[in-house]
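Architecture and fold: a report
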Amino acid sequence: MMTKQYRGNDGRKQGFQRRNRFENKSDAVMSSVEEKILATLRAEEIHDWGARRLLRKSGISNETAFYDALHSLKDKRLILMDRQHNVKLIPVEDDVTATLVSLSKSFGFARPIDGGEDIFIHGSALKGALVGDTIIVGDIRKEERGPAGRVRSIVEHKKAETTGTVSVTPEGIEVIPDNAIRYNLRLQQRDLNGAKDGDKVLVSLEQDYRGDWTRAAVQKVFGPGRSARVCADAIIERYGIPTKFPTEALQHAENVGNAPIPAEEYEKRLDLRGEAIFTIDSADAKDLDDAISVTRTADGYALGVHIADASHYVREDTPVDREALVRGTSVYFADRVIPMLPEVLSNGACSLNAGTDKLAFSALVQLDSDGKITGYDFKKTIINSKVRGVYKEVNTILDGTATPEILEKYAPVMESLRAAKALADILKANSSARGTMDFDSGESRFVLDENGVCIDIMPRVSGEAEQLIEQMMITANIAAAKFSLDHKLPFLYRVHGTPDPKRVEELIKLLKLVGIPCREIEKPKPETQDFAAILDRVRGLPTEQLVSQRLLRTMEKARYATEETGHFGLALADYSHFTSPIRRYPDTSIHRILSAFVGGMPVEEIRRRYSAFAETSARESSQNEIRALMAERDAEDCYMAEYMSQHIGEHFDGVVSGVTQRGIFVRLENSVEGFVSLDSFTGEEFVFDGLITHRSAKRELTIGTELPIIVASAYVATGKVDFLPDLEKEAQA
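Note that this is a predicted model, so its numbers are computed, not measured.

1. What about the overall build of the protein chain?
Helix and strand counts for the protein chain stand at 20 helices and 34 strands. The C-alpha extent of the protein chain, read off along each of the three principal axes, is 95 × 70 × 60 Å. Scored against the burial criterion, the 733 residues of the protein chain give a buried share of 52%. Residue pairs at least 24 apart in sequence account for 65% of intrachain contacts in the protein chain once pairs closer than 6 positions are excluded.

This is the structure we're talking about:
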């Protein structure tokens with residue numbers, strides 16, 4: 001009987017071979033048979049069908065086609081079927097709009113735009129969708145492995161191209177994609193366009209006769225994939241980050257940026273040029289967009305946070321404004337900055353350079369002696385910064401090691417600086433009391449040589465001066481959010497939701513495994529201070545950075561929204577981004593709305609004019625922020641791999657940071673993370689015990705385990721680093 005051909009391994013193989021021949025011969029007939037089976041299952045109220053009964057009921061005469069169709073429907077996750085060919089229809093859910101986020105040779109996964117689990121889509125149900133496409137997914141069914149569905153239609157087709165690395169072997173020429181296409185693409189010699197083995201390239205993608213994306217042609221050669229700088233070029237291209245400003249935007253920026261400050265601006269603005277205002281930034285910063293001033297009052301403190309008045313230069317619907325919306329944010333790589341605004345503005349007119357009259361938008365905040373905000377106002381001002389402060393220099397003043405030269409430089413603002421330090425200490429204490437999470441972000445600082453090659457990596461350290469400025473900016477952002485709510489203005493808020501319960505459960509498992517008490521977050525609805533208590537508990541321990549990183553992954557992604565829902569991470573009910581309009585479009589948007597209000601525009605007119613704008617800005621800014629973060633992280637991986645490629649064979653101490661069925665990830669003190677295959681532990685058999693641990697007779701490998709390693713390999717083009725366990729050092733220890 002036909003069913004026997006599918007029961008054993010040999011029979012199943014024969015059946016699949018026959019099905020493949022059938023599909024190649026006529027996809028249309030196969031589709032018709034599948035639809036007949038589905039129609040029969042849907043029409044009847046019987047929940048479980050035997051194959052023979054279903055065959056008779058469906059009226060399909062070709063028995064081979066029937067069984068081939070059953071297996072095809074199972075592969076597509078439209079039906080459940082056991083080894084005895086008992087069949088059950090999987091219930092269908094409503095259609096959803098999604099983005100195709102990964103593509104393998106025989107299937108893909110789509111991520112619903114409104115949230116939820118990724119949806120499995122069989123290759124034959126993709127309809128030629130490509131990674132990045134916006135699609136409508138229908139016939140969605142839930143099963144143990146997760147939801148599965150099929151593409152009903154493609155709403156928006158991504159441009160059919162990606163970046164990758166050329167691989168030339170005796171077996172042929174391929175390109176290894178950088179994006180979430182999980183297989184190599186074929187290249188013909190004639191389509192190399194001068195590319196060589198190992199080169200980073202931009203390729204256009206081509207479909208074969210079945211509609212699968214399998215072939216490519218080189219459109220652009222970036223250079224050798226062993227260079228992180230070249231890889232960064234490719235990453236910028238892959239994420240579609242604009243690097244060249246349109247001519248009309250540059251011309252407009254030149255016109256407004258080089259024009260002198262009009263006399264009427266001096267007349268109508270609050271003149272703060274006599275105040276002890278100063279900036280503090282890194283030594284190499286050129287876009288100085290924020291300055292501060294602090295004075296003690298009878299009741300507490302008067303804080304001035306003076307932000308470059310970008311809204312004066314970036315007017316609504318001008319060429320510069322349209323380009324800024326497209327960019328959304330400045331993007332920071334180890335070797336370059338891709339600015340949101342042309343440099344004539346970001347480093348020129350809008351940069352609050354010392355000793356120069358500058359237009360500012362000032363948040364004027366009153367606080368009592370306990371650091372509680374008692375009043376706030378926003379004014380268009382004109383300022384003249386007295387000192388161009390540098391973090392390293394200010395840190396020496398605050399720790400008492402400053403040289404006479406530094407003390408002399410800061411003398412004009414020393415009283416303001418000392419008051420700012422006192423206020424910052426109070427604000428930090430308040431932040432800690434309300435439970436703000438103080439993450440070890442794990443950010444890295446890359447040191448490059450004159451050729452742009454990474455020669456050192458070190459953790460980025462935040463000193464007292466950096467924390468001082470952070471507290472001042474947070475206070476201004478709180479005041480801006482409160483001001484908008486007071487006056488019922490359309491606005492953009494920085495919102496951060498509560499953590500996903502499933503992620504919290506995973507974090508609890510990790511913490512218990514590494515011996516960190518976590519009773520605070522085991523309750524149904526843990527609060528911000530509960531997570532902050534965990535961070536305090538691991539402070540100074542070897543597992544501090546790992547726990548901090550895992551806790552950070554547990555949190556929801558902060559985003560921009562037009563409704564204020566609070567910021568969980570900062571434990572704040574009201575929060576916005578007001579302080580960086582040179583490099584963040586949401587801040588520019590807020591400045592525009594607030595400018596209209598302080599300029600006298602009626603609130604109803606502001607709502608009519610800016611409500612839709614705020615929605616668009618929040619949506620686009622959130623998307624562009626994610627794009628920038630992903631590009632920055634990918635580039636960092638390449639620079640880390642470039643650095644480690646200079647240390648092949650060298651020994652380092654690390655800590656296990658992740659565990660998979662194939663091996664473990666080990667993080668070094670310099671923040672580089674590499675993979676160690678379990679096969680490299682000679683003579684040891686491991687058992688994967690779940691989410692976070694491996695066990696063998698000799699050892700347990702789990703997150704937080706210290707492990708010496710040897711650098712085995714580093715692939716700059718992919719940003720991947722592989723380690724070997726340093727078993728000899730372990731034995732000596």
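2. A look at the sheet that holds strand β11 (residues 185-187)
Spatially, five strands are ordered β9-β10-β11-β13-β12 in a closed barrel, and the strand pairing comes out mixed. This sheet shows a mean twist of 50° between the axes of neighbouring strands, independent of strand direction. Taken together, the two bridges between β11 and strand β13 (residues 213-224) define a ladder with parallel strand orientation. If you follow Arg186 over to β13, its bridge partner there is Arg215. Across the sheet, helix α5 (residues 228-239) touches β9 (161-169), β12 (199-207) and β13, and the angle it forms with β13 is around 130°.

3. Brief notes about the pattern of salt bridges
According to the stated counting rule, one finds 43 salt bridges in the structure shown. Between Asp139 and Arg152 there is a salt bridge, with the nearest N and O atoms lying 3.2 Å from each other. You can see Asp139 sitting in strand β7 (residues 134-141) and its partner Arg152 sitting in strand β8 (residues 148-156), a full 13 residues away along the chain. For Asp139, a relative accessible area of 11% puts it in the buried group. One salt bridge in this structure joins Arg322 and Asp317, with 3.4 Å as the shortest N-O distance. The exposure class of Arg322 is partly exposed, given its relative accessible area of 37%. Through salt bridges with shared partners, a single ionic network connects Glu265, Lys268, Arg269, Asp309 and Lys380.

4. Comments concerning the nonpolar core
Core analysis: the biggest nonpolar cluster contains 81 residues, and Leu345, Phe378, Tyr410, Met472, Phe578 and Leu594 have the highest contact counts within it. Examining the composition of this core, we find that 10 residues originate from one element, helix α14 (residues 464-486), more than from any other. Apart from the residues lying within four places of it in its own chain, the contact partners of Tyr410 are Val387, Arg388, Gly389, Val390, Glu393, Val394 and Ile397.

5. Examining the packing of helix α18 (residues 585-598) against helix α19 (residues 603-644)
Packing of α18 against α19 leaves a shortest axis separation of 10 Å and a crossing angle of 175°. Classed by the angle they form, the pair α18 and α19 counts as roughly antiparallel. Contact with α18, carried on its side by Tyr585, Pro586, Ser589, Arg592, Ile593, Ala596 and Phe597, involves Val603, Ile606, Tyr610, Phe613, Ala614, Ser617 and Ser621 of α19 and no other residues of that element. Class assignment of the residues belonging to the contact of α18 with α19 gives a composition of 10 nonpolar, three polar and one charged.

6. Concerning the packing of aromatic side chains
Applying the stated rule across the entire model yields 16 aromatic pairs. Between Phe491 and Tyr493 the ring centres are 5.4 Å apart and the planes differ by 55°, which places this aromatic pair in the tilted class. Relative accessible area serves as the criterion here: at 1%, Phe491 is assigned to the buried category. Look at Tyr493 and you get buried, because its relative accessible area is 3%. Measuring from centroid to centroid gives 6.4 Å for Tyr585 and Phe613, while their planes differ by 75°, and the two rings are edge-to-face. Highlighted residues: Tyr585 in helix α18 and Phe613 in helix α19, separated in sequence by 28 residues. Like Phe613, Tyr585 is buried. Ring-pair connections join several aromatic residues into one group, and the members of that group are Phe361, Phe378, Phe483, Phe578 and Phe597.

7. A short note on helix α17 (residues 544-554)
With eight of 11 residues buried, α17 lies mostly within the body of the structure. Here α17 has its buried residues at Glu544, Gln545, Leu546, Val547, Ser548, Gln549, Leu551 and Thr554.

8. Some details on the pairing of strand β33 (residues 706-715)
Pairing of strand β27 (residues 651-659) with β33 involves five bridges; the strand directions are antiparallel. From the neighbouring strand, Asp653 faces β33, where its bridge partner is Pro708. Strand direction decides the pairing type here: β33 and strand β34 (residues 720-725), joined by six bridges, are antiparallel. Looking at the pairing, Val711 lines up with Phe723 of β34.

9. Some remarks on helix α9 (residues 319-327)
All buried positions along α9 are accounted for by Pro319, Val320, Asp321, Glu323, Ala324 and Arg327. Tucked into the core, α9 has its buried residues touching α6 (247-257), β19 (337-338), α10 (343-349), α18 and α19. Positive phi appears at Gly328, one or two residues downstream of α9, with a value of about 80°.

10. Thoughts on the side chain of Arg592
One can find Arg592 in helix α18. The exposure class assigned to Arg592 is buried, which follows from its relative accessible area of 6%. Of note is the side chain of Arg592, whose polar atom sits 3.4 Å from the side chain of Tyr585. Not counting the four nearest positions on each side in its chain, Arg592 is found in contact with Ser311, Val314, Arg315, Glu316, Asp321, Tyr585, Tyr610 and Phe613.

11. Some thoughts on the confidence of the model for the protein chain
Across the protein chain, pLDDT averages 89, with 94% of residues at or above 70. Of the regions scoring below 50 in pLDDT, residues 1-30 engages in 40 contacts with residues more than four places distant in sequence or in other chains.

12. Regarding the pairing of β7
By the criterion of burial, β7 is predominantly enclosed, with seven of the eight residues buried. Pairing geometry for β7 and β8, over six bridges, is antiparallel. Across the sheet, residue Val137 finds its bridge partner in β8, namely Val151. Hairpin connection between β7 and β8: a loop of six residues separates the two successive antiparallel strands, and Gly146 in this loop has a positive phi of roughly 120°.

13. Observations concerning the state of the cysteines
Throughout the structure, instances matching the rule amount to zero disulfides. Looking at the unpaired Cys638, the closest cysteine sulfur is the one in Cys231, lying at 4.3 Å. Of the residues examined, Cys638 reaches a relative accessible area of 4% and is grouped as buried.

14. Digging into the sheet that holds strand β1 (residues 49-50)
With respect to topology, three strands assemble into an open sheet ordered β1-β3-β2, the strand pairing being antiparallel. For this open sheet the edge positions go to β1 and β2 (79-81), each flanked by a neighbour on one side alone. Note that β1 and strand β3 (residues 86-89) share two bridges and pair antiparallel. Bridge pairing in β3 links Gly50 to Asn86. Set on the sheet, helix α4 (residues 63-75) makes contact with β2 and β3; between it and β2 the angle comes to about 115°.

Conventions we followed
Residues numbered from 1 in each chain as written. Predicted model: local features only at pLDDT ≥ 70, side-chain atom pairs only at ≥ 80, totals over all residues. Heavy atoms only, no water. Helix = DSSP H or I, 4+ residues; strand = E, 2+ residues; numbered from the N terminus. Buried < 20%, exposed > 50% of the residue type's maximum accessible area, 1.4 Å probe, protein only. Contact = heavy atoms within 4.5 Å. Pairing = 2+ DSSP bridges. Axes fitted to C-alpha atoms, helices over the stretch in contact; angles between N-to-C directions. Salt bridge = Lys/Arg side-chain N within 4 Å of Asp/Glu carboxyl O. Core = buried A, V, L, I, M, F, W, Y, C linked by side-chain atoms within 4.5 Å. Parallel < 35°, antiparallel > 145°, perpendicular 65-115°, else oblique. Nonpolar A, V, L, I, M, F, W, Y, C, P; charged D, E, K, R; others polar. Phe/Tyr/Trp six-rings, centres within 6.5 Å; stacked < 30°, edge-to-face > 60°. Polar contact = N/O pair within 3.5 Å; in protein donor to acceptor, adjacent residues only side chain to side chain. pLDDT = per-residue confidence, 0-100. Disulfide = S-S within 2.5 Å.

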